[in-house]
Amino acid sequence: MSNNDGSMSPHHRTAQARLTTISSHISTGKPAKVVVCRDLGPDVMPILTERKDIEVLFSQPFVTSSLLNIHHGATGVLVMVTDIVNEELLEAAGPSLRVVSTMSVGYDHVDLKVIGKRGLRLGYTPEVLTDAVADISIMLALMAGRNVNETMAITREGRWPQFTWSPFALCGPQFSTTPQFPTRTIGFFGFGRISQATLSRAIAFGVTDCIYYANPDSAPKHERDQEILKEHHPKLKSLRPVDLDTLAKESDVVIVLAPGGEKTRHAINEGFLRKMKKHAVLVNSARGTLVDSNALAKALREEWIWGAGLDVVEGEPNLQADHPLLKEPRCNVLPHIGSATLETRLGMATLAANNLIGGVLGDKMPAELDAASQ
């Protein structure tokens, strides 16, 4: 891209300089150095280690406070969602760095402005984990409704022999419909691929209606919604976009599946939670920053809502036993395992490795994010 006077923009000049460096490097026949921050396993590492044009260097997990593990002079870095990619880290890597490949669909751990400014390429792993995260979203909704954390504690702590059975003890709201309750509404904060896959699973459990809140800057998706309704007819009775108040007030289950970042930070706050139904449950399978943890703990403690299922929590993994959410019996907290199936992690690792190769060698990357446009 050029400026109005025909000269190259700073971003374009940086990118062009890196491409020149790539061509020059390849012509020398020297292998490009890449840093891989975790062992990707016997099925994926050979994709990198068996190439003659790449030299793989291993690094332990790194953070901005400790940059000694970054190998200066690397042309590519493959990171995980827990690795912070910022100015300090990129400065330590040196001017030869061309690509950052993250083994994640989310990229809020990456400073996109710095990536764009430096003209670096960024690879990520979308779509691969859609089904795994949809599965765990349904699992968390069921866990929250059926009081799994609270009831499993009875057996885990040896209290079952002393427990007195009664007709409504340990009961929770049913996910599926019944003759007495013929409708069930599922609500989504964000309605992308994973939300749509989650909806398909929820319909099998008897959900009859779906509402969602989408990015207000995005164009309406009337045709897409009609296709979804047609696909799931006659089980799915309605599907429509709503505002946040309606999402909170009408949903029996609210599932948070939207990107992280400042724009969505604490989107699910005290005001939202107070509007939810008493028997409703909240699920967060996206990013911990979307939900105000203190507000959610208060909502559970004061019984504004029935329960919660969380795969992600703000500040993770630094949750101690005295964390407010861990004190709530009806809050089911998992250690961010949404994509943790063998099949999904293999697919993610393979895609991340191929993104790294494409970026280092100046070729097409299977899944590249345009950081400069974000």
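Just so it is clear, the model here is predicted, and its values are computed rather than measured. (Residues numbered from 1 in each chain as written. Predicted model: local features only at pLDDT ≥ 70, side-chain atom pairs only at ≥ 80, totals over all residues. Heavy atoms only, no water.)

On to unusual backbone geometry. A cis amide bond links H233 to the next residue, P234, at an omega of 5°. The residue P234 is located in the loop between helix 8 (222–231) and strand 8 (238–241) in this model. In this structure, the amide linkage connecting E316 to the following residue, P317, adopts the cis form with an omega of 5°. Position of P317 relative to the elements: it lies in the loop between strand 11 (307–310) and strand 12 (331–333). (Helix = DSSP H or I, 4+ residues; strand = E, 2+ residues; numbered from the N terminus.)

Turning next to the packing of aromatic side chains. According to the stated counting rule, one finds 5 aromatic pairs in the structure shown. Pairing Y107 with Y124 gives two aromatic rings, centres 5.9 Å apart and planes at 80°, and the pair type is edge-to-face. Placement of the pair is Y107 in the loop between strand 4 (99–102) and helix 4 (112–117) and Y124 in the loop between strand 5 (121–123) and helix 5 (130–145), with a sequence separation of 17 residues. The exposure class of Y107 is partly exposed, given its relative accessible area of 23%. An angle of 10° between the planes, with centres 4.4 Å apart, marks the rings of F191 and Y212 as stacked. Of this pair, F191 sits in the loop between strand 6 (185–189) and helix 7 (193–204) while Y212 sits in strand 7 (residues 209–213), placing them 21 residues apart in sequence. (Phe/Tyr/Trp six-rings, centres within 6.5 Å; stacked < 30°, edge-to-face > 60°. Buried < 20%, exposed > 50% of the residue type's maximum accessible area, 1.4 Å probe, protein only.)

Take the sheet that holds strand 8 next. Pairing within the open sheet is parallel, and its 7 strands lie in the order 8-7-6-9-10-11-12. Each end of this open sheet is capped by a strand with a single partner; those strands are strand 8 and strand 12. Neighbour to neighbour, the strand axes of the sheet diverge by 15° on average, direction disregarded. Sheet strands in contact with helix 11 (residues 293–301) are strand 10 (281–284), strand 11 and strand 12, and its direction is about 145° off that of strand 11. (Pairing = 2+ DSSP bridges. Axes fitted to C-alpha atoms, helices over the stretch in contact; angles between N-to-C directions. Contact = heavy atoms within 4.5 Å.)

Take the confidence of the model for the protein chain next. Averaged over every residue, the pLDDT of the protein chain is 90; the share at 70 or more is 89%. A low-confidence stretch, residues 1–27 stays under pLDDT 50, and its non-local contacts, those more than four residues away or across chains, total 35 contacts. (pLDDT = per-residue confidence, 0-100.)

With that out of the way, let us pick up the nonpolar core. By size, the foremost hydrophobic cluster in this structure holds 52 residues, and its most contacted members are L40, I186, F188 and L199. F188 has contacts with S195, T198, L199, C210, I211, Y212, Y213, L247, I255 and L257, leaving out every residue within four places of it along the chain. Listed in part, the 31 residues of the second largest apolar core include V242, L247, V256 and A295. (Core = buried A, V, L, I, M, F, W, Y, C linked by side-chain atoms within 4.5 Å.)

Taking strand neighbours across the sheet as the criterion, the 6 strands line up as 2-1-3-4-5-13 in an open arrangement whose pairing is mixed. Two strands in the sheet have a free side with no partner beyond their single neighbour: strand 2 (54–58) and strand 13 (368–369). In this sheet, strand 2 lies alongside strand 1 (residues 32–36) in parallel orientation, the contact comprising 5 bridges. Opposite V36, over in strand 2, you have F58 as the bridge partner. Running at roughly 175° to strand 4, helix 12 (residues 342–360) makes contact with strand 1, strand 2, strand 3 (76–79), strand 4 and strand 5 of the sheet.

Of the two faces of strand 11, the one carrying G307 and G309 and the one carrying A308 and L310 are both buried. In this sheet, strand 11 lies alongside strand 10 in parallel orientation, the contact comprising 4 bridges. When the bridges of strand 11 are listed, V283 appears paired with G309. With helix 11 bridging strand 10 and its parallel neighbour strand 11, the resulting β-α-β unit is right-handed. (Right-handed = clockwise from strand over helix to strand, strands pointing away.)

Residue pairs spaced three or four apart in an α-helix point in one direction, given the helix's 3.6 residues per turn. Over its 12 residues, helix 7 extends 18 Å from the first C-alpha to the last, a length consistent with the 16 Å expected when each residue adds 1.5 Å. Buried within helix 7 are the following residues: I194, S195, A197, T198, L199, A202 and I203. Structurally, helix 7 contributes buried residues whose contacts are with helix 5, strand 6, strand 7, helix 8 and strand 9 (253–256). In the segment just after helix 7, G206 is the residue with positive phi, at about 110°. (Expected span 1.5 Å × (residues − 1).)

On to the packing of helix 5 against helix 7. Their axes nearest at 8 Å, the elements helix 5 and helix 7 cross at an angle of 50°. The orientation of helix 5 relative to helix 7 falls into the category oblique. Judged by the twist between their axes, the crossing of helix 5 over helix 7 is right-handed. Between helix 5, through T130, D131, V133, A134, D135, S137 and I138, and helix 7, the contact on the second element is made entirely by R193, I194, A197, T198, R201 and A202. Classifying every residue of the contact of helix 5 with helix 7 gives 6 nonpolar, 3 polar and 4 charged. (Parallel < 35°, antiparallel > 145°, perpendicular 65-115°, else oblique. Left-handed = near helix turned anticlockwise from the far one by under 90°. Nonpolar A, V, L, I, M, F, W, Y, C, P; charged D, E, K, R; others polar.)

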